[in-house]
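Listed below, chain by chain, are the residues.
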Amino acid sequence: MWNLAIDSLALVAISGLWGGMMFFAFVYAPLVFFKLDASTAGQFIREVFPVYYLAMGVTSAVAAGALALGSTHNQADIAALALVCVGFWVARQALMPVINRTRDASLSGGARAGRHFKHLHGLSVLINAVQLVAVLVVLVRFVWR
């Protein structure tokens, strides 16, 4: 009974993580920029990202923990979800503040800051894409066991 409960928690957490990431990347964020003017959208997204990173970080930690405790755990999958969790923490605590500062400098007319912002934003998108693929691989492997 314990294994069924923990495995179910792992499945729900991994599925919720992947679904939340997909929804945010492909529905929520684009919709904000489509429906709001650029300045308002930028400020709104700046307030939402810390919540997104925190929610997805906690969810990935729960998923990794549940996999570690469950009956069908796989060390590679646990490690992948742990790295996904670390990625959210790094993005929230280290990358996001630098992105915000460079964006502010860019909006103040700094051409170099504008290029730096584009690179940092690209890095954050790349990190999120790698996390998304990793979570999908873990989800597919979990379901097909």
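Residues numbered from 1 in each chain as written. Predicted model: local features only at pLDDT ≥ 70, side-chain atom pairs only at ≥ 80, totals over all residues. Heavy atoms only, no water.

**Thoughts on the packing of helix α3 (residues 75-107) against helix α4 (residues 111-143)**
Heads up, the rule is: For every element, the axis is a line fit to its C-alpha atoms; helices are fit only across the contacting stretch, and the angle between N-to-C directions ranges from 0 to 180 degrees. Each helix corresponds to a stretch of at least 4 residues labelled H or I by DSSP, and each strand to a stretch of at least 2 residues labelled E; elements are numbered beginning at the N terminus. Put simply, angles under 35 degrees are roughly parallel, angles over 145 are roughly antiparallel, angles from 65 to 115 are roughly perpendicular, and the rest are oblique. Each crossing gets its hand from how the near helix is turned against the far one by less than a right angle, where anticlockwise is left-handed and clockwise is right-handed. Residue polarity is assigned by list, with Asp, Glu, Lys and Arg as charged and Ala, Val, Leu, Ile, Met, Phe, Trp, Tyr, Cys and Pro as nonpolar; anything else, Gly included, falls into the polar class.
One can describe the packing of α3 onto α4 by two numbers: an axis separation of 9 Å at closest approach and a directional angle of 160°. Comparing the axis directions of α3 and α4 gives the class roughly antiparallel. Between α3 and α4 the crossing geometry is left-handed. Its residues assigned to classes, the contact of α3 with α4 comprises 16 nonpolar, nine polar and three charged.

**Observations regarding helix α1 (residues 2-35)**
Filter applied, for reference: Working rule for helices: expected span equals 1.5 Å times residues minus one. When a residue's accessible area, from a 1.4 Å probe over protein chains only, is under 20% of the maximum for its type it is buried; when over 50% it is exposed; and in between it is partly exposed.
The end-to-end C-alpha separation of α1 is 46 Å, in line with the 50 Å expected for 34 residues at 1.5 Å each. Looking at α1, one finds that the buried residues are Ile6, Asp7, Ala10, Ala13, Ile14, Leu17, Met21, Phe24, Ala29 and Val32.

**So, the pattern of salt bridges**
Spelled out, the test is: A side-chain nitrogen of Lys or Arg and a carboxyl oxygen of Asp or Glu constitute a salt bridge if their distance falls within 4 Å.
For the structure shown, the criterion picks out three salt bridges. Note that arginine 46 and aspartate 104 form a salt bridge whose closest N and O atoms lie 2.8 Å from each other. With arginine 46 in helix α2 (residues 38-69) and aspartate 104 in helix α3, this pair connects stretches of sequence that are 58 residues apart. Among the ionic pairs, aspartate 77 bridges to arginine 145, the shortest N-O distance being 2.1 Å. Of this pair, aspartate 77 sits in helix α3 while arginine 145 sits in the segment after α4, and the two are 68 residues apart along the sequence.

**What to know about the packing of α1 against α4**
As a reminder of what qualifies: Contacts are assigned to residue pairs that have any heavy atoms within 4.5 Å of one another.
Axis separation between α1 and α4 bottoms out at 10 Å; the angle between their running directions is 145°. For the pair α1 and α4, the sense of crossing is left-handed. Where α1 abuts α4, its residues Asp7, Ala10, Leu11, Ile14, Ser15, Leu17, Trp18, Met21, Met22, Ala25 and Phe26 lie against Asn128, Gln131, Leu132, Val135, Leu136, Val138, Leu139, Phe142 and Val143. Counted by class, the contact of α1 with α4 contains 16 nonpolar, three polar and one charged residues.

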